[in-house]
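# Summary of the model geometry
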Amino acid sequence: MTPKNLSDCGYTMIEIILTILILGILMAVAIPRFIRLTEETDRSRCAAERGAINSALMITYNALNVRDPAYVNWLATVSINALSDTMFATRHIPVCPRGGTFMIVNGQTTCSLHGQ
């Protein structure tokens, strides 16, 4: 079937506008959800890195003679750089994916952005 004239070819302006409108609505719903999922993923990665630091703290603390009075305050004074030199085989210093800094406070690792 061939069109009788050129005005019968292609899409109408209403069809194009509706298509653009539908795509805009889909993007308005999808983009915020994608951003939220990305933030949740980064928060989970940060928690995993803090867990790795806490595990290294406990392994190092237990490897030392805990009963020795010189190590009583060890957990309060240890630095993450010292742990990376002694515990992490890859010499990888764990970092927050959002750029936060890790601090060891009273034997627990906290992130400046995500907390504990």
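Scope of this entry: the structure provided in the associated data block.

Reading guide: rules and limits
Residues numbered from 1 in each chain as written. Predicted model: local features only at pLDDT ≥ 70, side-chain atom pairs only at ≥ 80, totals over all residues. Heavy atoms only, no water. Helix = DSSP H or I, 4+ residues; strand = E, 2+ residues; numbered from the N terminus. Buried < 20%, exposed > 50% of the residue type's maximum accessible area, 1.4 Å probe, protein only. Disulfide = S-S within 2.5 Å. Core = buried A, V, L, I, M, F, W, Y, C linked by side-chain atoms within 4.5 Å. Contact = heavy atoms within 4.5 Å. Patch = residues over 30% accessible without salt bridge, like charges linked within 9 Å, V, L, I, M, F, W, Y side chains within 5 Å. Areas by Shrake-Rupley, 256 points an atom, 1.4 Å probe, with all protein chains shown as cover. Salt bridge = Lys/Arg side-chain N within 4 Å of Asp/Glu carboxyl O. Pairing = 2+ DSSP bridges.

### What about the environment of arginine 45?
Structurally, arginine 45 is set in helix H1 (residues 13-63). Residue arginine 45 is classed as partly exposed on the basis of its relative accessible area, which comes to 48%. A C-alpha to C-alpha distance of 9.6 Å links arginine 45 and arginine 98, two positions 53 residues apart in sequence.

### Here's the deal with the state of the cysteines
Between two cysteines, a covalent bond joining their sulfur atoms is known as a disulfide. Taken as a whole, this structure holds zero disulfides when the rule is applied. Free cysteine cysteine 46: the closest other cysteine sulfur is in cysteine 111, separated by 3.6 Å. For cysteine 46, a relative accessible area of 0% translates into the label buried.

### Focus: the nonpolar core
General note: in soluble globular proteins, nonpolar side chains tend to be found buried as a group. In terms of nonpolar packing, the biggest core is built from seven residues, these being Cys46, Ile53, Leu57, Cys96, Phe102, Ile104 and Cys111. Those elements giving two or more residues to this core turn out to be H1 and strand E1 (102-105). With three residues, H1 is the single largest residue contributor to this core. Not counting residues up to four positions away in its chain, the partners in contact with cysteine 46 are Cys96, Pro97, Phe102, Cys111 and His114.

### Quick look at a nonpolar patch on the surface
Among the surface-exposed residues, Ile14, Leu18, Leu21, Ile25 and Val29 lie close enough to one another that they form a single nonpolar patch of about 500 Å² accessible area. Within the secondary structure, leucine 18 sits in helix H1.

### Quick word on the pairing of E1
A one-sided burial pattern is seen for E1, the buried positions being Phe102 and Ile104 and the unburied ones Met103 and Val105. Looking at chain direction, E1 and strand E2 (residues 108-111) are connected through four bridges and run antiparallel. Each bridged residue has a counterpart across the sheet, and for valine 105 the counterpart in E2 is glutamine 108.

### Side note on the pattern of salt bridges
Within the structure shown, the criterion is met by two salt bridges. With its nearest N and O atoms 3.8 Å apart, the salt bridge here joins aspartate 42 to arginine 45. Of the two residues, aspartate 42 and arginine 45 both sit in helix H1, three residues apart, roughly one turn of that helix. Where arginine 98 meets aspartate 42, a salt bridge forms, and the shortest distance between an N and an O atom there is 2.7 Å. Of this pair, arginine 98 sits in the loop between helix H3 (80-86) and E1 while aspartate 42 sits in helix H1, and the two are 56 residues apart along the sequence. Via salt bridges that share partners, Asp42, Arg45 and Arg98 belong to a single interconnected network.

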